[in-house]
Amino acid sequence: MDMVEAIDQAKTRVQELCDRWGPRVDYLAIRLEQSEGTDIFLRGGQAETLSEAIAIGGHVRACYRGGWGFASFNDLESLAPCVEAAVAAARLVGHDETLLAPVAPVQVTRRLPLTGTDPRQISLARKKALCNHYADLLQGIDHRIATTSVRYNDVAQRVLLATSEGTLIDQAWSDMEMRFAATARDGDTVQTGRETTGSRKAYEDLEDLDDQVMGAAQRAVAALDLPSVRGAAYDVVIDPILTGLFVHEAFGHLSEADMAYENPDLLESMSLGRRFGPDSLQIFDGAAPQGHRGSYFYDDEGTPATTTQLIENGVLVGRLHSRETAGKLGEQPTGNARCLNYHYSPLVRMTNTWIERGTTPVDDLFADIKEGVYARNWLEGMTNGEMFTFTAGEAWMIRNGKLAEPVRDVTLSGNVFRTLADIEAIGDDFYWDESGGCGKGGQNGLPVGCGGPSLRIRNVVVGGEAEAEYE
Amino acid sequence: MSDSSVNQGRILRNLMRLMDVTCGHSLYEVLPRGVQVWLPEQGKGVYPDLLVVAGEPLLHDGQDDKLLNPCVIFEILSGPTPSYDPEAAMLPDSQRLAKGQRSGMFRRCRAIPYLQTYLFVHQTEARVEQFYRAEEHLWGMTAQSGLDSVVELAITDARLPMMDIYEQVDFSLLV
């Protein structure tokens, strides 16, 4: 049966099941999903993966007296038995109170608008040709390029969510991503350059990336001959991509209310009203702004997308919620419950996370820095609670307020709270990094957007090697 | 790990036993020290203390002494090694070495696309640090200390009680 048809026909059935089984529990949700995707991976120009796949499946979540039952299936015939199983499981484990923040039931059909070509209308051969073109560009930069990789993914998802509260949401979007890497080798020295991009708007966003792609290989080659930075604490200027990484990885995950709810120490350090940074610091997360990797209309619990201010004038004012964390903490749901696909239950996840543009002209961020570091893009990161280490994609020394010689092996480390407090100036530039790919609780590769301006941060620990502080 | 101490040998034996029981079934294969993991981009290999392969071993150019696809690697630390310390990053190399630097194997192995988790097992105290791949190029870290805790591997669903990892290990022995 055609999948579109399958979902359409299932609409009535899921509503009937919700009506029939809903009264046995406090909350019942059925989520059906159909997806159609492409996956291409070239290593050294050779295709290691080349696939197009269509999938259909769903899951059922039931909540009874605070206990959850979950069942997933990949065959619509199993829908009814799964509802029964999830309801039975919830009734078995529920011994407390169901606390779900209320949301108004809605019946709606929404399609995330494309501004260009839908990737489903592009042939696999043309997508592969694009990958080959980029692989050739990477390889052709220099004879010291030892290996290259190009990955292409797209997926078109249609999700139907029905709940015992009367919600019926039919939502769809297309998501695309490309990742490029080049590794250069000279004797024992190995250096990597990377670029990533994504879109929820148009296949065209992945074309004409020649300069960006070549940049990855050029950085890898250039870094072979660069000196390592001397490890020390420096005043640092970071570019918008590193700002986006920092706000997502170092700060954003701590704003996810499930993390705080499960960890009383974190809940304490993430007390609303606590000052984290300068007056000029504003941090947001939200799926409501359209056109980014983390944009949607409703989350996977049927809560409408919002924009949540997390930090206002340097002070913590909000956090990200599912209906359950909002209910338990007595706060408003924010529409941040997302699941990677039907195999998983929704978790509190970020969507598009950004630091708002500031007022300092970018050139002025460097002024007065006698000896510092300017870091752009990133290669690798590590996080451990409040602590983070990010390896810059490329970096220069700053001397007497000016950009000086390039250096390599620049890792930026610190405690997120101390680092936020050490933000000295916020640039007047801004960039959305659509490279996405957030991981949490085994649900990795969730599309997100990260944005921000360039930042000047004082007293950042800069190490000469990525693992220095962990190893 | 070379020239093992008795305690290192005990930890390795315990890990081998635990891992084989908890995840050495059809999906995963547990391989002991001596198997070379090949890093094609770096043109060299490393020898982890213990590794796990998901599915079939993938070999570099078909050579059966060059494994490409470990998903879990254990490194048993040879001496007293400092735990996570943000300030240590500021130290010059010589001072870091003096504080007991690790082998650098983790840094090299992070390039293995199949690798999902890398565990450091201390031998002078009951402490295991697990680095897991949270995103393609982003690693998270969890640490367990004390004999009453349990290490839950980020993949394979293995749960390793510290009591069992350190069975018969004598922390009073000098290394």
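Residues numbered from 1 in each chain as written. Chains lettered and ligands numbered in written order. Predicted model: local features only at pLDDT ≥ 70, side-chain atom pairs only at ≥ 80, totals over all residues.

**Some remarks on the domain arrangement of chain A**
All names here are of chain A. If you check the domain split of chain A, you get domain 1 (3-224) and domain 2 (232-463). Just the C-alpha atoms count here: the centres of domain 1 and domain 2 sit 23 Å apart. Facing the 35 residues of domain 1 at the interface are 30 residues of domain 2. At the level of elements, β1 (27-43), β2 (46-64), β3 (67-73), β5 (145-163), β6 (168-186), β7 (189-199) and α4 (210-224) are the ones that each hand at least two residues to the side of domain 1 that touches domain 2. Examining the composition of the side of domain 1 that touches domain 2, we find that 7 residues originate from one element, β7, more than from any other. Class assignment for the residues of the side of domain 1 that touches domain 2 results in 12 nonpolar, 13 polar and 10 charged. (Domains from an automatic or database assignment. Contact = placed C-beta atoms within 7 Å. Helix = DSSP H or I, 4+ residues; strand = E, 2+ residues; numbered from the N terminus. Nonpolar A, V, L, I, M, F, W, Y, C, P; charged D, E, K, R; others polar.)

**Focus on unusual backbone geometry**
Outside of glycine, negative phi angles account for most residues, and trans bonds account for most peptide bonds. All names here are of chain A. Positive phi values are uncommon outside glycine, yet D208 reaches one of about 60 degrees. You can see D208 is positioned in the loop between β7 and α4. Backbone geometry places N313, a non-glycine residue, at a positive phi of 50 degrees. Residue classification places N313 among the partly exposed positions, given that 13 C-beta atoms sit within 10 Å. (Buried ≥ 20, exposed ≤ 12 C-beta atoms within 10 Å, placed from the backbone.)

**Side note on the nonpolar core**
Within the largest apolar cluster, 65 residues are counted, with the highest numbers of intra-cluster contacts made by V236, L242, V373, A375, A395, V410 and V462 of chain A. If one sorts the elements of this core by residue count, helix α5 (residues 240-255) of chain A sits on top with 8 residues. Not counting residues within four places of it along the chain, the set of residues in contact with V462 of chain A comprises V229, G231, A232, Y234, V236, V373, V410, T411 and L412 of chain A. In this structure, C23, V30, V37 and V128 of chain B belong to the second largest nonpolar core, which totals 44 residues. (Core = buried A, V, L, I, M, F, W, Y, C linked by C-beta atoms within 7 Å.)

**Focus on the pairing of strand β24 (residues 455-463) of chain A**
Residues and elements named next belong to chain A. The element β24 is largely enclosed, with a buried count of 7 among its 9 residues. In this sheet, β24 lies alongside strand β8 (residues 232-238) in antiparallel orientation, the contact comprising 6 bridges. Opposite Y234, over in β24, you have V460 as the bridge partner. Both strand β18 (residues 411-415) and β24 contribute to a ladder of 3 bridges, which runs antiparallel. (Pairing = 2+ DSSP bridges.)

**Side note on the packing of helix α3 (residues 124-140) of chain A against α4 of chain A**
Two measures define how a pair of helices packs: the angle their axes make with one another and the distance between the axes. Residue and element names in this part refer to chain A. Relative to each other, α3 and α4 sit at 40 degrees, their axes nearing to 8 Å. Here α4 runs oblique to α3, going by the angle between their axes. The two elements α3 and α4 meet at a crossing, and its hand is right-handed. Contact residues: Y134, L137 and L138 in α3; D210, V213, M214, A216 and A217 in α4. A class-by-class count of the residues in the contact of α3 with α4 yields 7 nonpolar, no polar and 1 charged. (Axes fitted to C-alpha atoms, helices over the stretch in contact; angles between N-to-C directions. Parallel < 35°, antiparallel > 145°, perpendicular 65-115°, else oblique. Left-handed = near helix turned anticlockwise from the far one by under 90°.)

**A closer look at the sheet that holds strand β9 (residues 283-286) of chain A**
All names here are of chain A. Pairing in this open sheet of 6 strands is mixed, and the strands run β11-β10-β9-β14-β23-β20 from one edge to the other. With partners counted over all chains shown, the strands left at the sheet margins are β11 (315-316) and β20 (431-433), one partner each. In this sheet, strand β23 (residues 449-452) lies alongside strand β14 (residues 352-355) in parallel orientation, the contact comprising 3 bridges. Along β23, the bridge assignment pairs W354 with G451.

**Points about helix α1 (residues 6-23) of chain B**
All names here are of chain B. Spanning 18 residues, α1 covers 25 Å between terminal C-alpha atoms, matching the ideal 26 Å at 1.5 Å per step. Those residues of α1 that sit buried are Q8, I11, L12, L15, L18, M19 and C23. When α1 is viewed along its axis, its buried side chains cluster within an angular range of 140 degrees and face the same direction. Its buried side turned inward, α1 meets β1 (28-32), β4 (50-54), β5 (70-76), β6 (117-121), β10 (159-161) and α4 (162-165). (Expected span 1.5 Å × (residues − 1). Arc of directions from axis to C-beta.)

**Description of the environment of S322 of chain A**
Residue and element names in this part refer to chain A. Assignment of secondary structure puts S322 in the loop between β11 and α8 (323-329). S322 gets classed as buried once you count the C-beta atoms within 10 Å, which come to 29. Measuring from C-alpha to C-alpha, the distance between S322 and D300 comes to 9.3 Å, with 22 residues separating the pair along the chain. Excluding residues within four positions of it along the chain, S322 makes contact with D258, E301, N336, A337, P346 and V348.

**Some details on the environment of A86 of chain A**
Residue and element names in this part refer to chain A. On the secondary structure map, A86 appears in helix α2 (residues 79-93). Linking A86 and A53, residues 33 residues apart in sequence, is a C-alpha distance of 28 Å. Apart from residues no more than four positions distant in its own chain, A86 is found in contact with V60, R61, A62, G69, F70 and A71.

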